[in-house]
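Structure assessment
Below are the chains, spelled out letter by letter.
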Amino acid sequence: MSKINEKLEVQKQEPKFPVAESHDLLPRSKWLREYYFKGVEREWNNEYTPFTTDTDWDIIFNEGNFYIVPVMYYYIGIKDRGPFASSFRSMAILVKLPENFWNKPLPVRRALFFEEVMLNYIPQEIISENDLIAGGRFHTQLSKCFNEKEAKIFWKKNIRNRNAVFKFHKNGFGNVGATGGHIIADYETVIKKGFKYIYENIKKNYEKLSKKEKKGFKGHQLKAMMISAEIPRKLAKKYAEECRRLKNEASTPERAEEFEQMAKNLEIVPWEPAETFWQGVQSLWLIHMLIIAEESYPGPGVSFGRTDQHLWDLYKKDVIDEKNITKEFAKEILGSFWFHCNTVYDAQIKIGGNQGISSGFGQLMTLSGMGSNGEDLANELTYTILEVIDEWSPILEPKPNVRLHRNTPDKLLDIIVDMIFRAQGAPYILNFDERSIAGMIAEGIPKEDAWDYACVGCLENTMQGNDRSGTVNCNPNLAKSIELTLWNGKNMPDKSDTSKSREQFGPKTGDPENFETWEEFWNAWVEQMKFIIRYTVEVNNLTEELRGEFLPTPYVSTIVRGCAENGLDVRQGGPELRFITIEGVGYATTVDSLLSIKRYVYEDKKYTIAQVKKALMEDYQGKENAIMRTLFKNKAPKYGVDDDEFDELGRMVMKTWSDECWKYKTPTNFQFRPGMLSWNYWAGADAANTIATPDGRNKGRFLSNAICPTNGADIKGPTAVTNSVGKVLGGKTEDGEYINYLPNGSSHIISFNPSMLRDPEHINKFKAYLRGYIENGGTALQINMIDAEMLIDAQKHPQNYKNLLVRVTGYNAYFHAIGRELQDEIIARESHQM
């Protein structure tokens, strides 16, 4: 037990406020959940294991995966390999390489190395007598399999990229980087047709090539995919052998029979189509964990898609029609799946007081939603999965995203509301189909297909099985545009800096102290915002190009449609659909700052631009500056109060930056598009590097969160906020059609006091609010159902609230495990009544 957890246990008392707890778990699930939360006390874990080719130039840790996590920059290093890279290198296990390994092209080397590690170095283990799903260890740090020449070229470009990314972040522009995860693989095809079908499709495309092409780039990619497509079959065979070995050691005849059935399942899936519900879940898990293993990335955003649709026919046959298994046994199968999903956090299990469980990695499972004709697709499996979620909560994975729409049945809405009330800050993200589908169509998805979207990571809308979208690769700080506008394309100078030699980042749009009209200021701001998007693209494209050239993932490429047909890796432009999302950060901070300048400089003429700049440089210190700050913070116009004039400026801001995103592509032919997630950048790294802003915010304080209003601005209640969100996303056409400027989705978090659901009248009001959100709100809503007094008590007595989950932004986290400043921000959020 860690010292921190030991201290928490010693001091633990009954909490002053009730905390959500798991309940009514079936025996096997109860054991697995309790075993999982033993953490470092477990005799088994899924910790990172590094593997090397043992060359002097070998590179194992891919730092580019973590450029979007600024707190990792120290561990990446400044000039050379940082602590993570050197540690993995020193710990790595030497892998015996196949014959003629170094004579093969890089994609084939990668596939062969991955196969060797998964089959012969990572042990095939069944976790316990209670586990029903095979697939234990999968966290790897794999050699990149470079020869010496490739390693030298890669490292030179890697240092160039690192310097560009660090400079971008240090100067307050945000963070960028081509990262892993964040994908919905073609699970449905594997479950329904088997990996054999995928292998044969790759082989067919390989055989179409000429002899010359087979020896060239496309041939190398397809050869690597063919090798990779057989790994699931070979691995399943190994696990089947382990199940048969364990059968002979089983404690009871019943468990011996289960091991035998698990072996039989693995002899069928994932190579052949699943014939039973048990096989369907087994197939889903095995192909999922291999994605995480190949990318050497701990699982963020590797999502399942519409699982209740993909497994429905098997569940219906086994549980309802033929009654081959009971509903309770189906829930136990899902319970094993739940256990394995949460072992992603074992990657860094020995780090920190919470044993690696730092935040939601976002293995999203999309449930319900509309069909092709607007009908609701909730089925009995949907409701069974919801029961499992409810009984296992609080727990982080897999994250459910329930799609709501105009035809959502009351039965589903009643269950959701009841679970939200009990779950406090978990587990729900609610997606709203009409607005979301409008965004999918706007980005070019045919209307007849757009209804079948699903969500990855936190809430990012993508298609399933043919869409490789880098949904969190670009996170620009929109509020930086205010600084650049005020200082004519440069950073704000320090108070002691009177030189004119500061770097010219943005275009020279003129000294705003000479602007006479709001229109002049607005036009200058537009140009600076366009520059920020362009700069974001330029830096990110360095990382996209390097990843595409040197870091192929042939296994992932097998299960994304288009890669085999195009003969291209998933990272090189192979998928049918290819997007990179620019996730705007600090949106309301930007809008409110513009509203303040418009009102008090150009309309009321209470202040000059020179006075505003002086106050920002002095961080509102001093009497006159403090008066200005109070006015800007408490009296100025704000987004989020359902005021058409304020929201129209918000809409113009949204359209300006989102339109700019569509102008760019990556060198690997991915289209940039807009979204608004913000993760925790608004509260951490981006906020720390942002000067004071004209909305009354002090230097270094939190920016606004995703599409939410700034803290304290949503004073007119949840309906007003909802209406503002819908309007700034574009509202509706005159014909009532939804407009959505952010196709990848927009995170809206709102807090309610639990007393709101104290009686049937208020429950019905809350349901009406959710139906109103469908009509007038955004694409995604996340709800904290927590009393601020409870959170204050949890700050004082964290030992009593170890299981308390709160919604941070697109993810939830254990309240005691997040920083004090972030805790304060969550407490400060407006807690609404109905």
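Our structure is the block above this text.
Residues numbered from 1 in each chain as written. Predicted model: local features only at pLDDT ≥ 70, side-chain atom pairs only at ≥ 80, totals over all residues. Heavy atoms only, no water.

**Remarks on the pattern of salt bridges**
Stated precisely, the cut-off is as follows: In the sections that follow, a salt bridge refers to a side-chain nitrogen of Lys or Arg positioned within 4 Å of a carboxyl oxygen of Asp or Glu. Under the scheme used here, helices are H or I runs from DSSP no shorter than 4 residues and strands are E runs no shorter than 2 residues, and both carry numbers assigned from the N terminus. The cut-offs for exposure are 20% and 50% of the maximum accessible area for each residue type, with area from a 1.4 Å probe on protein chains only; residues under the lower value are buried, those over the upper are exposed, and the others partly exposed.
Enumeration according to the criterion identifies 53 salt bridges in this entry. One salt bridge in this structure joins Arg673 and Glu443, with 2.8 Å as the shortest N-O distance. With Arg673 in strand 14 (residues 671–675) and Glu443 in the loop between helix 19 (433–442) and helix 20 (447–450), this pair connects stretches of sequence that are 230 residues apart. For the pair formed by Arg673 and Glu443, the shared burial category is buried. The partner of Glu660 in a salt bridge is Lys663, and the shortest N-O contact between them spans 2.8 Å. Among the residues examined, Glu660 registers a relative accessible area of 5% and is labelled buried. What emerges from the salt-bridge pattern is a single network uniting Arg244, Lys247, Glu260 and Glu267.

**Here's the deal with the packing of aromatic side chains**
Note the following rule: Classification of ring pairs uses Phe, Tyr and Trp, with its six-membered ring standing for Trp, and accepts pairs whose centres are within 6.5 Å; under 30 degrees between planes counts as stacked, over 60 as edge-to-face, and the remaining range as tilted. We call a charge positioned above a ring when the Lys NZ or Arg CZ atom is no farther than 6 Å from the ring centre and deviates by at most 35 degrees from the ring normal.
Counted according to the given criterion, the structure contains 52 aromatic pairs. For the pair Phe66 and Tyr297, a centre-to-centre distance of 5.7 Å together with 55° between the ring planes defines the contact as tilted. With Phe66 in the loop between strand 1 (49–52) and helix 3 (73–76) and Tyr297 in the loop between helix 13 (277–295) and strand 6 (302–303), this residue pair connects regions lying 231 residues apart in the sequence. As far as burial versus exposure is concerned, Phe66 and Tyr297 are alike and both buried. A centroid spacing of 5.8 Å and a plane angle of 75° characterise the contact between Phe154 and Phe550, whose relative ring orientation is edge-to-face. Of the two residues, Phe154 sits in helix 6 (residues 148–170) while Phe550 sits in helix 22 (residues 518–550), which places them 396 residues apart along the sequence. Overall, the relative accessible area of 3% leaves Phe154 in the buried class. Here the aromatic cluster, defined as three or more aromatic residues joined through ring pairs, consists of Tyr48, Phe61, Phe66, Tyr74, Tyr75, Phe84, Phe88 and Tyr297. For Arg233, the ring lying beneath its charged end belongs to Trp271, and the centroid distance is 5.2 Å.

**Describing the pairing of strand 8 (residues 399–404)**
Quick note on the threshold: Here, any two strands with at least 2 DSSP bridges between them count as paired. A clockwise course of the path from the first strand over the helix to the second, judged with the strands pointing away from the viewer, identifies a crossover as right-handed.
Counting buried positions along strand 8 gives six out of six residues, so the element sits mostly inside the fold. Burial of the side chains of strand 8 extends over both faces: Lys399, Asn401 and Arg403 are buried on one face and Pro400, Val402 and Leu404 on the other. Inspection of the sheet shows strand 7 (residues 364–368) paired to strand 8 by five bridges, in the parallel sense. Along strand 8, the bridge assignment pairs Ser368 with Arg403. At this point the chain moves from strand 7, through helix 17 (residues 380–392), to the parallel strand 8, and the crossover so formed is right-handed.

**Here's the deal with empty space enclosed by the protein**
Counted only if it meets this: Detection works on a 1 Å grid of protein atoms alone, calling trapped sets that fit a 1.4 Å probe cavities and calling open sets with protein on both sides within 12 Å along at least five of seven lines pockets, with lining residues defined by an atom within 4 Å of a point. Grid points are joined across faces, edges and corners, and a volume is the space filled by probe spheres set on the points. Only Asp, Glu, Lys and Arg are considered charged in this grouping, and only Ala, Val, Leu, Ile, Met, Phe, Trp, Tyr, Cys and Pro are considered nonpolar; every other residue, Gly among them, is considered polar.
Going through the model one piece at a time under the given rule, you end up with eight cavities of 30 Å³ or more. Contributing elements (two or more residues each) for the lining of the largest cavity: helix 6 and helix 22. Counted by class, the lining of the largest cavity contains five nonpolar, six polar and one charged residues.

**Describing the sheet that holds strand 13 (residues 577–583)**
As a reminder, the rule being used: All axes are obtained by fitting lines to C-alpha atoms, using only the stretch in contact for helices, and the reported angles, taken between N-to-C directions, cover 0 to 180 degrees. Contacts are assigned to residue pairs with any non-hydrogen atoms lying within 4.5 Å of each other.
Within the open sheet, the four strands sit side by side as 4-12-13-14. Their pairing is mixed. Looking at which strands have only one partner, the edges of the open sheet turn out to be strand 4 (174–176) and strand 14. Sheet twist, expressed as the mean angle between neighbouring strand axes with direction ignored, is 30°. Relative to strand 12 (residues 467–476), strand 4 runs antiparallel, the two sharing three bridges. Note on strand 12: the bridge partner recorded for Gly174 is Pro476. Running at roughly 130° to strand 12, helix 22 makes contact with strand 4, strand 12, strand 13 and strand 14 of the sheet. Packing against the sheet, helix 28 (residues 644–661) makes contact with strand 13 and strand 14, and its axis sits at approximately 160° to strand 14.

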